[in-house]
There are 2 protein chains.
Amino acid sequence: MSHYSVADMSDTIVALATPQGVGAIGIIRLSGQEAIQLCNEVFFGKNLHHQKTHTLHFGTLRKGDVILDEVLVSLFRKPNSYTKEDVIEISCHGSPYILQSVIRVFIEKGARLAKPGEFTMRAFLNGQMDLSQAEAVADLIASESAAAHQVAMQQMRGGFSKQIAQLRQQLVDFASLIELELDFSEEDVAFADRSELIELIHKIKNLLQQLIHSFKLGNALKSGVATVIAGRPNAGKSTLLNALLNEERAIVSDIAGTTRDTIEEQIFIEGVPFRFIDTAGIRDATEDTIEAIGIQKTFEKITQAALLIYIFDPQEMNMTEVENALNVVENTDLPVLVVANKVDLVEETKLVALTKKGQELFGENFLTISALEQTHLVKLKQRLLDLVLSDQSYLENPVVTNIRHFDALNRAEVALNQVLSGVEMSLSGELLALDIRQALHELGTITGEVTTDDLLGNIFGKFCIGK
Amino acid sequence: MSHYSVADMSDTIVALATPQGVGAIGIIRLSGQEAIQLCNEVFFGKNLHHQKTHTLHFGTLRKGDVILDEVLVSLFRKPNSYTKEDVIEISCHGSPYILQSVIRVFIEKGARLAKPGEFTMRAFLNGQMDLSQAEAVADLIASESAAAHQVAMQQMRGGFSKQIAQLRQQLVDFASLIELELDFSEEDVAFADRSELIELIHKIKNLLQQLIHSFKLGNALKSGVATVIAGRPNAGKSTLLNALLNEERAIVSDIAGTTRDTIEEQIFIEGVPFRFIDTAGIRDATEDTIEAIGIQKTFEKITQAALLIYIFDPQEMNMTEVENALNVVENTDLPVLVVANKVDLVEETKLVALTKKGQELFGENFLTISALEQTHLVKLKQRLLDLVLSDQSYLENPVVTNIRHFDALNRAEVALNQVLSGVEMSLSGELLALDIRQALHELGTITGEVTTDDLLGNIFGKFCIGK
């Protein structure tokens with residue numbers, strides 16, 4: 001793992017900022033005190049020292065007499081750049097050979113190859129963004145769905161950071177008051193109004209709980225909703241999956257040059273990714289031992305399921321059998337969608353009775369479809385979406401997607417509960433202050449008021465180079 | 001194959017300009033009349049219509065209410081751009097999802113997805129560069145060695161284009177004079193001085209021959225010098241190859257983020273690529289049937305060899321045997337480097353005799369080395385380089401690397417020879433003019449004065465998208 005030290009900020013860093021490989025354009029990025037000077041030494045066309053910020057300059061990049069490339073140089077003067085330092089971006093021809101040669105020239109001139117995420121780390125350290133916003137940059141780049149993209153974008157642009165920072169500041173003020181009391185401890189004064197403190201803590205806890213609650217959704221949006229399709233052999237599991245996937249493929253028109261690797265078993269419903277967990281290899285139970293065992297085995301094996309679609313053929317199973325089969329699902333929180341398939345083969349009167357019974361038992365989570373005829377698939381998808389989103393709007397409310405934030409929020413809540421019970425027990429200000437400081441610490445790690453080199457190394461080490 | 005039509009120039013085109021994949025930055029490029037307008041419709045931050053050329057603007061890119069990304073827009077106003085049209089380059093976060101979404105927005109707004117090489121084709125059609133320069137852009141991007149890079153760079157920046165264009169213009173003037181004679185044919189005048197014509201044609205032919213001659217080198221620099229290492233089993237073929245490769249690997253320090261796929265059997269000697277042809281699978285001859293057969297088989301199989309290294313163990317073979325073995329090489333033009341290996345195991349006096357005999361037979365192409373001890377490898381590499389470059393300096397003189405140019409040059413030479421013999425036979429101006437026109441046509445295809453949609457489609461269809 002890379003190790004970061006704030007002292008490194010004196011260096012000028014350089015890296016390839018575009019993906020590796022051959023392309024029309026490749027961008028090399030420099031940031032730091034010497035960025036403009038270093039570029040000026042090898043750039044022929046204009047004297048960059050005399051150029052304004054946010055301007056573009058055409059010229060050649062040379063190593064001695066050899067022209068390495070004809071390039072376009074973008075000039076950003078501090079603090080009006082991504083890192084708040086002087087930044088140069090050089091747009092070269094997208095040849096790995098050229099890009100490597102150009103980077104090498106800058107390293108020979110004294111620049112240092114940037115560590116992963118070092119540009120964004122500098123942006124954070126120079127106050128361009130807080131830590132959770134910096135982390136959202138990586139999430140944004142990794143986002144593969146509209147939902148993940150929107151959540152990351154929201155967080156990058158502020159998200160819950162500001163709220164946390166504000167409440168934390170109020171808590172800091174309280175901690176200061178309580179610590180002030182300690183100086184006057186012999187006089188038994190209370191500068192910090194305990195009821196106001198309790199009120200503030202409840203306010204913070206409300207926000208924390210809301211954010212903690214959002215993590216389940218956030219995680220699903222980021223990683224895809226883990227969905228299992230279960231059912232007897234020949235109930236239509238594969239037909240359903242294929243029907244869903246095919247429709248998806250038709251929607252995803254392939255814009256040449258930008259198609260991403262197809263994730264075979266992922267579909268997007270209104271931008272929300274659903275990941276179908278491969279249950280192949282889990283032997284379906286034979287008729288005799290009841291399909292229930294099949295389901296149980298599925299869940300013993302696949303504990304990360306967030307959603308179950310149970311599909312059955314109403315010609316083969318009645319609703320009581322379905323109910324029994326589902327009784328073995330131990331995780332009672334797991335949303336289950338019960339889907340009667342092949343209903344095009346079922347008589348009208350029987351279908352009415354089936355639907356009535358199904359809705360009695362499972363309410364809105366009972367659906368009739370024909371996977372083969374592709375009927376009612378839209379309804380099914382809408383229901384899947386509703387089950388994931390419940391009443392949460394990820395577009396309007398901040399959503400936590402980062403497990404580090406989730407952990408810190410939980411630890412902050414524990415610390416705040418400590419403070420609350422401390423107040424109740426009329427603990428001394430000294431002990432109270434300690435618990436408040438702990439909560440402040442946890443909240444501070446989210447937005448980066450509190451950091452360590454290890455924490456930064458951990459976070460930015462996962463970034464790509466050049467970001 | 002893509003089909004290009006000049007009529008398409010009225011469209012505004014859009015494409016991803018950076019390599020596919022996840023990176024810090026991805027660039028989307030727009031070119032055409034509507035480029036600034038289309039971008040302005042989705043860009044929030046500044047009104048791009050009021051901004052100067054060669055300026056950079058930070059803002060958000062939106063689709064309706066949804067923020068697709070925070071971006072930097074580069075603005076280039078015609079004719080001061082790559083294509084000589086209005087050009088917008090949008091620097092996005094390097095997420096395939098975002099890049100695809102942004103391209104999609106522009107296509108919905110009326111831009112057309114660019115065909116491969118279409119930006120460069122427009123640059124050519126708008127007079128930014130001639131055709132051979134445009135082709136050099138692709139070569140530049142594909143270049144993997146210092147030599148290939150330098151040759152492509154030289155050609156992109158003009159190379160032999162200007163010379164050809166100038167001489168062609170003089171020939172055009174001659175053709176006009178001769179055609180003028182035709183209008184006065186009854187009066188038997190000769191506006192075009194035949195001796196001057198002959199002189200000009202010789203001048204052009206000189207250039208053509210020089211360029212045609214350079215193709216062998218150019219092709220080697222571009223594709224790597226096809227090199228075969230032959231010799232008896234245990235002569236040290238693999239040891240030599242590994243020694244060369246290992247040294248190479250030590251030189252190529254891996255700059256993270258820019259290392260390219262290692263081509264297992266390629267080494268660069270002062271930037272010139274040598275490609276070692278895998279002769280594994282070709283069974284070495286047994287002692288009895290003489291190793292000569294081994295070599296012959298090698299060449300029956302590998303006809304593209306440009307260079308042969310024959311390696312032998314002087315403890316096992318004497319020079320006469322080596323000479324005999326090499327006698328079967330039918331291609332007498334093929335440069336052969338004879339290498340006595342394992343000389344660290346040979347007695348001093350024997351070594352002196354061996355060297356004397358070897359140099360008598362093969363001159364400078366005889367070398368003594370120890371592949372295992374890595375002695376005299378520098379000398380060997382220098383000799384390989386000398387054999388390829390002969391007296392040609394690819395840094396000073398233009399080098400033809402493109403087979404299309406090579407073919408056109410040859411056809412032009414044939415046509416010029418026709419003109420010469422026509423003058424000698426005092427052919428009528430009419431027939432002379434025909435032959436000159438043919439030569440002009442061939443020369444014109446190189447620089448692009450003469451093009452067809454098919455030719456353009458052929459050339460630019462091989463470019464990457466976004467270039």
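Residues numbered from 1 in each chain as written. Chains lettered and ligands numbered in written order. Predicted model: local features only at pLDDT ≥ 70, side-chain atom pairs only at ≥ 80, totals over all residues. Heavy atoms only, no water.

Draft legend 1. Summary view of the overall build of chain A. Along the backbone of chain A there are 15 helices and 13 strands. Counting all 467 residues of chain A, 55% fall into the buried class. In chain A, once contacts between residues fewer than 6 apart in sequence are set aside, the share between residues at least 24 apart is 70%. (Helix = DSSP H or I, 4+ residues; strand = E, 2+ residues; numbered from the N terminus. Buried < 20%, exposed > 50% of the residue type's maximum accessible area, 1.4 Å probe, protein only. Contact = heavy atoms within 4.5 Å.)

Draft legend 2. Quick look at the relation of the copies chain B and chain A. Superposition of chain B onto chain A requires a rotation of 180° combined with a translation of 0.0 Å along the rotation axis, giving an RMSD of 0.1 Å. Expressed as an axis order, the relation between the two copies is that of a two-fold axis. Considering only C-alpha atoms, the residue of chain B closest to the rotation axis is Thr55(B), which sits at 2.2 Å. Most of the interface of chain B is mirrored in chain A, where 100% of its interface residues again form contacts. (Least-squares fit on C-alpha atoms with pLDDT ≥ 70 in both.)

Draft legend 3. Region of the structure containing helix H5 (residues 146–156) of chain A. Residue and element names in this part refer to chain A. Most of H5 is tucked away, with 9 of its 11 residues classed as buried. Here H5 has its buried residues at Ala147, Ala148, His149, Gln150, Val151, Ala152, Met153, Gln155 and Met156. Phi turns positive, to about 135°, at Gly158, one or two residues after H5.

Draft legend 4. The arrangement of the interface of chain B and chain A in detail. The partner chain A presents 62 residues to the 62 residues of chain B that form the contact. Both sides of the chain B and chain A interface together cover about 5,400 Å² of buried area, and 64% of this is carbon and sulfur. For chain B, the biggest contributors to the area lost against chain A are Pro19(B), Leu56(B) and Tyr97(B); these three give 13% of the whole. At the surface where chain B touches chain A, the tally comes to 2 salt bridges. A salt bridge links Arg157(A) to Glu70(B); the shortest N-O distance between them is 2.7 Å. There are 14 residue pairs in polar contact (both at pLDDT 80 or more) connecting chain B and chain A. For the side of chain B that touches chain A, the secondary structure elements donating two or more residues are strand S2 (25–31), strand S4 (55–63), strand S5 (66–76), strand S6 (87–93), helix H2 (96–108), helix H4 (131–142) and helix H5 (146–156) of chain B. Examining the composition of the side of chain B that touches chain A, we find that 9 residues originate from one element, S5(B), more than from any other. Residue composition of the side of chain B that touches chain A, by class: 31 nonpolar, 21 polar and 10 charged. (Buried area = accessible area lost by both parts, 1.4 Å probe. Salt bridge = Lys/Arg side-chain N within 4 Å of Asp/Glu carboxyl O. Polar contact = N/O pair within 3.5 Å; in protein donor to acceptor, adjacent residues only side chain to side chain. Nonpolar A, V, L, I, M, F, W, Y, C, P; charged D, E, K, R; others polar.)

Draft legend 5. A look at the domain arrangement of chain A. For chain A, the domain assignment lists domain 1 (6–129), domain 2 (140–219 + 402–447) and domain 3 (224–388). Computed over C-alpha atoms, the centres of domain 1 of chain A and domain 2 of chain A are 40 Å apart. (Domains from an automatic or database assignment.)

Draft legend 6. Just the sheet that holds strand S12 (residues 336–340) of chain B, in detail. Residues and elements named next belong to chain B. With mixed pairing, the 6 strands of this open sheet are ordered in space as S9-S10-S8-S11-S12-S13. One side of each edge strand has no neighbouring strand; the edge strands of this open sheet are strand S9 (266–269) and strand S13 (366–368). Taken over all neighbouring pairs, the strand axes of this sheet differ in orientation by 30° on average, direction set aside. The sheet contact formed by strand S8 (residues 225–230) and strand S11 (residues 307–312) spans 4 bridges and is parallel. For Val228, the partnering residue across the bridge sits in S11 and is Leu308. Packed on one face of the sheet, helix H11 (residues 348–362) meets S11, S12 and S13 and runs near 160° to S13. (Pairing = 2+ DSSP bridges. Axes fitted to C-alpha atoms, helices over the stretch in contact; angles between N-to-C directions.)

Draft legend 7. Expanded view of the pairing of S12(B). Residue and element names in this part refer to chain B. Burial analysis of S12 places 5 of its 5 residues in the buried class, which makes it a mostly covered element. Burial along S12 is two-sided: Val336, Val338 and Ala340 facing one way and Leu337 and Val339 facing the other are all buried. For S11 and S12, the ladder comprises 5 bridges, and the chain directions are parallel. Looking at the pairing, Phe312 lines up with Ala340 of S12. Bridging between S12 and S13 involves 3 bridges; their strand directions are parallel. Its bridge partner being in S13, Val339 is matched across the sheet by Leu367. Once you follow S12 into H11 and on to S13, the crossover reads as right-handed. (Right-handed = clockwise from strand over helix to strand, strands pointing away.)

Draft legend 8. Quick look at the environment of His54(B). Checked against the element boundaries, His54(B) lands in the loop between strand S3 (43–44) and S4. A relative accessible area of 18% means that His54(B) is categorised as buried. Residues His54(B) and Ile88(B), spaced 34 residues apart in sequence, show a C-alpha to C-alpha distance of 9.9 Å. Excluding residues within four positions of it along the chain, His54(B) makes contact with His54(A), Thr55(A), Leu56(A), Leu72(A), Leu75(B), Phe76(B) and Asn80(B). Among the polar contacts listed, one links the side chain of His54(B) to the side chain of Thr53(B), at a separation of 2.9 Å.

Draft legend 9. Fine view of the pairing of S5(B). Residues and elements named next belong to chain B. Counting buried residues in S5 gives 9 out of 11 residues, a clear majority hidden from the surface. Pairing geometry for S4 and S5, over 9 bridges, is antiparallel. Bridged to Gly59 within S5 is Val71. Linkage of S4 to S5, two consecutive antiparallel strands, is achieved through a turn of 2 residues, within which Gly64 is found at a positive phi near 65°. Bridge analysis of S5 against S6 gives 5 bridges, and the strand direction is antiparallel. Looking at the pairing, Val73 lines up with Ile90 of S6.

Draft legend 10. Spotlight on the sheet that holds strand S12 (residues 336–340) of chain A. Residues and elements named next belong to chain A. Taken together, 6 strands build an open sheet; the order of strands is S9-S10-S8-S11-S12-S13 and the sheet is mixed. Among the strands making up the open sheet, the edge pair consists of strand S9 (266–269) and strand S13 (366–368). The sheet shows a mean angle of 30° between the axes of neighbouring strands, taken without regard to direction. Contacts from helix H7 (residues 194–223) reach strand S8 (225–230) and strand S10 (272–276) within the one sheet, and its direction differs from that of S10 by about 75°.

Draft legend 11. Highlighting the packing of aromatic side chains. A full pass over the atoms with the stated rule returns 6 aromatic pairs over all chains. Between Phe215(B) and Phe406(B) the ring centres are 4.1 Å apart and the planes differ by 15°, which places this aromatic pair in the stacked class. In this pair, Phe215(B) is assigned in helix H7 (residues 194–223) and Phe406(B) in helix H13 (residues 403–424), connecting sequence segments 191 residues apart. The exposure class of Phe215(B) is buried, given its relative accessible area of 10%. Three or more aromatic residues joined by ring pairs make a cluster, and in this case those are Phe124(A), Phe460(A) and Phe463(A). Directly above the ring of Tyr82(A) sits Lys467(A), whose terminal nitrogen or CZ lies 4.8 Å from the centroid. (Phe/Tyr/Trp six-rings, centres within 6.5 Å; stacked < 30°, edge-to-face > 60°. Lys NZ or Arg CZ within 6 Å of the ring centre and 35° of its normal.)

Draft legend 12. Inspection of the packing of H13(B) against helix H14 (residues 429–447) of chain B at higher detail. Residue and element names in this part refer to chain B. As a packed pair, H13 and H14 sit with axes 8 Å apart at the nearest point and diverge in direction by 165°. In terms of orientation, H13 lies roughly antiparallel with respect to H14. Both H13 and H14 take part in a crossing whose hand is left-handed. Contacts between H13 and H14 pair Arg404, His405, Ala408, Leu409, Arg411, Ala412, Ala415, Leu416, Gln418, Val419, Gly422 and Val423 from the former with Leu432, Asp435, Ile436, Gln438, Ala439, Glu442, Leu443, Thr445 and Ile446 from the latter. (Parallel < 35°, antiparallel > 145°, perpendicular 65-115°, else oblique. Left-handed = near helix turned anticlockwise from the far one by under 90°.)

Draft legend 13. Examining unusual backbone geometry more closely. Residue and element names in this part refer to chain A. Each neighbour pair has its own omega, and for Lys78 with Pro79 the value is 0°, a cis peptide bond. For Pro79, the position within the fold is in the loop between strand S5 (66–76) and strand S6 (87–93). Even without being a glycine, His54 presents a positive backbone phi close to 60°.

Draft legend 14. Geometry of the packing of H7(A) against helix H13 (residues 403–424) of chain A. Residue and element names in this part refer to chain A. Contact geometry of H7 with H13 gives a least axis separation of 9 Å together with a crossing angle of 155°. The orientation of H7 relative to H13 falls into the category roughly antiparallel. Seen along the crossing, H7 lies across H13 with a hand that is left-handed. Contacts between H7 and H13 involve Arg194, Leu197, Ile198, Ile201, His202, Ile204, Lys205, Leu208, Gln209, Leu211, Ile212 and Phe215 from the first element and Ile403, Phe406, Leu409, Asn410, Ala412, Glu413, Leu416, Asn417, Val419, Leu420 and Val423 from the second. Looking at the contact of H7 with H13 residue by residue, the classes come out as 16 nonpolar, 4 polar and 3 charged.

Draft legend 15. Region of interest: the pattern of salt bridges. As enumerated under the stated definition, the model contains 33 salt bridges over all chains in all. Residue Arg112(A) is joined to Glu118(A) by a salt bridge in which the shortest nitrogen-to-oxygen separation is 2.7 Å. Of the two residues examined, Arg112(A) and Glu118(A), each falls in the buried class. Close ionic contact of Arg29(B) with Glu89(B) constitutes a salt bridge, the shortest N to O distance being 3.1 Å.

Draft legend 16. Just H14(B), in detail. Between its first and last C-alpha atoms H14(B) spans 27 Å; for 19 residues at 1.5 Å apiece the expected length is 27 Å, and the two agree. Just past H14(B), the residue Gly448(B) takes up positive phi, approximately 95°. (Expected span 1.5 Å × (residues − 1).)

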